[in-house]
Amino acid sequence: VQCGIALLLSLAACQNLAFPTLTIYDSPSRFVRLEVDPTVDSNRGHSHPAKVTTNEMAAVLSGLMIEEPTRVFSFLDKEQEPPRHPAFNLAEVGFLAPLLAKGLGMATSEEVVTFYQTRQETAIVRKVTSGGVFVDGDELHIVLSNYRSPTHYASDPGVDDTFDDRLTPMRAIAPYEAKLDFEPISAVAPSRESRLTRLLSAERREVVVLFRQL
């Protein structure tokens, strides 16, 4: 009986895993690719392929903001960013925008466009920023699953992290306290979820933008 339960659990886990279908760009430190979205309803998928221009995508990426919690004595760090700052700098926007726009134009209704970038912090620790974008009607969803997340984060001390962060860019590899926001606020799509639904659902680092208004 235990073996049967374990098999059912493993099959359920596999069904929730996305897998890449087409690579738009790939290097050791960055990639943009299409992946099957396991959360798509069989009766209704995303509005793909979607026509999103590079300028529209650049406007979306430029408007994505990170609001960090205020740290004690953070003012002593001259290289510290202000608590509220863009999620992507100009170079990152210039790199990602045309690739994500191209991916949305090639995606099927069952796919999302994922992105991943990493930078080395120490000899053993890297910081990962990753997520995905998709279009539903006039709304562009951008999910920032990781924002400078350390690759060797472990919730339990003494537990080694053997997870390959490149395999699942839409999965959070470490918790972070920063808030995801967007400017201008007038371009953010109104939420269709009730407050109770948001409290009961798992936190998703996502912003929904009426990108045609930008």
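The structure we're discussing is the one just above.
Here is what the cut-offs are and how they apply
- Residues numbered from 1 in each chain as written.
- Predicted model: local features only at pLDDT ≥ 70, side-chain atom pairs only at ≥ 80, totals over all residues.
- Heavy atoms only, no water.
- Helix = DSSP H or I, 4+ residues; strand = E, 2+ residues; numbered from the N terminus.
- Buried < 20%, exposed > 50% of the residue type's maximum accessible area, 1.4 Å probe, protein only.
- Contact = heavy atoms within 4.5 Å.
- Areas by Shrake-Rupley, 256 points an atom, 1.4 Å probe, with all protein chains shown as cover.
- Pairing = 2+ DSSP bridges.
- Axes fitted to C-alpha atoms, helices over the stretch in contact; angles between N-to-C directions.
- Polar contact = N/O pair within 3.5 Å; in protein donor to acceptor, adjacent residues only side chain to side chain.
- Salt bridge = Lys/Arg side-chain N within 4 Å of Asp/Glu carboxyl O.
- Phe/Tyr/Trp six-rings, centres within 6.5 Å; stacked < 30°, edge-to-face > 60°.
- Lys NZ or Arg CZ within 6 Å of the ring centre and 35° of its normal.

## Regarding the overall build of the protein chain
Line of reasoning, step 1. For the protein chain, the helix and strand inventory stands at 4 helices and 9 strands.
Line of reasoning, step 2. The linear arrangement of helices and strands in the protein chain, starting from the amino end, is α-β-β-α-β-β-α-β-β-β-β-α-β.
Line of reasoning, step 3. Scored against the burial criterion, the 214 residues of the protein chain give a buried share of 38%.
Line of reasoning, step 4. Sequence-distant contacts, at least 24 apart, represent 67% of the contacts inside the protein chain between residues at least 6 apart.
Line of reasoning, step 5. On the protein chain, roughly 12900 Å² of surface is accessible, and the fraction owed to carbon and sulfur atoms is 56%.

## Digging into the sheet that holds strand β1 (residues 20-26)
Line of reasoning, step 1. Overall, antiparallel pairing links the 6 strands, which are arranged β1-β2-β5-β6-β7-β9 in an open sheet. With one partner strand each, in any of the chains shown, β1 and β9 (206-209) form the two edges of the open sheet. Within the sheet, the average angular offset between the axes of one strand and its neighbour, ignoring direction, is 20°.
Line of reasoning, step 2. Relative to strand β6 (residues 126-136), strand β5 (residues 111-120) is paired through 8 bridges, and the arrangement is antiparallel. Along β6, the bridge assignment pairs Arg119 with Lys127.
Line of reasoning, step 3. Across the sheet, helix α3 (residues 90-106) lies against β1, β2 (30-36), β5, β6 and β7 (139-150), angled at about 155° from β5, the strand it touches most.

## Some details on the side chain of Asp181
Line of reasoning, step 1. As for its placement among the helices and strands, Asp181 is situated in strand β8 (residues 179-182).
Line of reasoning, step 2. Among the polar contacts made by the side chain of Asp181, one reaches the side chain of Arg84 at a distance of 3.4 Å.
Line of reasoning, step 3. Those residues in contact with Asp181 that lie beyond four places of it in its chain are Gly63, Leu64, Met65, Arg84 and Val207.

## Considering the pattern of salt bridges
Line of reasoning, step 1. Within the structure shown, the criterion is met by 8 salt bridges.
Line of reasoning, step 2. Note that Arg212 is salt-bridged to Glu56, the shortest N-O span being 3.3 Å. Taken together, the positions of Arg212 in the segment after β9 and Glu56 in helix α2 (residues 54-63) put the pair 156 residues apart, joining distant regions of the chain.
Line of reasoning, step 3. The class of Glu56 is buried, set by a relative accessible area of 18%.
Line of reasoning, step 4. Residues Asp165 and Arg126 are paired through a salt bridge, measuring 2.9 Å at the closest nitrogen-oxygen approach. Of this pair, Asp165 sits in the loop between β7 and β8 while Arg126 sits in strand β6, placing them 39 residues apart in sequence.
Line of reasoning, step 5. Three or more residues joined by partner-sharing salt bridges are found here, namely Glu67, Arg84, Asp181 and Glu183.

## Quick notes on the environment of Val112
Line of reasoning, step 1. Counting through the fold element by element, Val112 comes out in strand β5.
Line of reasoning, step 2. For Val112, a relative accessible area of 4% corresponds to the buried category.
Line of reasoning, step 3. Separated by 23 residues in the primary sequence, Val112 and Val135 have C-alpha atoms spaced 8.5 Å apart.
Line of reasoning, step 4. In this structure Val112 touches Arg33, Leu34, Glu35, Asp37, His46, Val133 and Phe134, once residues within four positions along its chain are discounted.

## Some thoughts on unusual backbone geometry
Line of reasoning, step 1. Of note, the bond from His48 into Pro49 is cis; its omega dihedral lies within 30 degrees of zero at 0°.
Line of reasoning, step 2. On the secondary structure map, Pro49 appears in the loop between β2 and α2.
Line of reasoning, step 3. Residue Glu183 is joined to Pro184 through a cis peptide bond whose omega torsion reads 5°.
Line of reasoning, step 4. Relative to the helices and strands, Pro184 is located in the loop between β8 and α4 (195-200).
Line of reasoning, step 5. A positive phi angle, near 55°, is found at Arg148, a position not held by glycine.
Line of reasoning, step 6. On the secondary structure map, Arg148 appears in strand β7.

## Re α2
Line of reasoning, step 1. For α2, the full list of buried residues reads Glu56, Met57, Ala58, Val60, Leu61 and Gly63.
Line of reasoning, step 2. Where the residues of α2 are buried, they touch β3 (64-67), α3, β7, β8 and β9.

## Focus on the packing of aromatic side chains
Within a pair of aromatic rings, the relevant descriptors are the distance that separates the centres and the angle that separates the planes.
Line of reasoning, step 1. Following the criterion strictly, the structure yields 3 aromatic pairs and no others.
Line of reasoning, step 2. On the numbers, 5.0 Å between centres and 5° between planes, the contact of Phe31 with Tyr116 is stacked. Here Phe31, found in strand β2, pairs with Tyr116, found in strand β5; they are 85 residues apart in sequence, far enough to count as distant. Side by side, Phe31 and Tyr116 carry an identical accessibility label, which is buried.
Line of reasoning, step 3. Ring centres of Phe88 and Phe115 lie 6.1 Å apart, and the angle between their planes is 75°; on these two criteria the pair is classed as edge-to-face. Of the two residues, Phe88 is situated in the loop between β4 (84-86) and α3 and Phe115 in strand β5; the sequence distance between them amounts to 27 residues. The exposure classification of Phe88 matches that of Phe115, with both residues buried.
Line of reasoning, step 4. A cation sits over an aromatic face here: Arg33 above Phe31, 3.9 Å from the ring centre.

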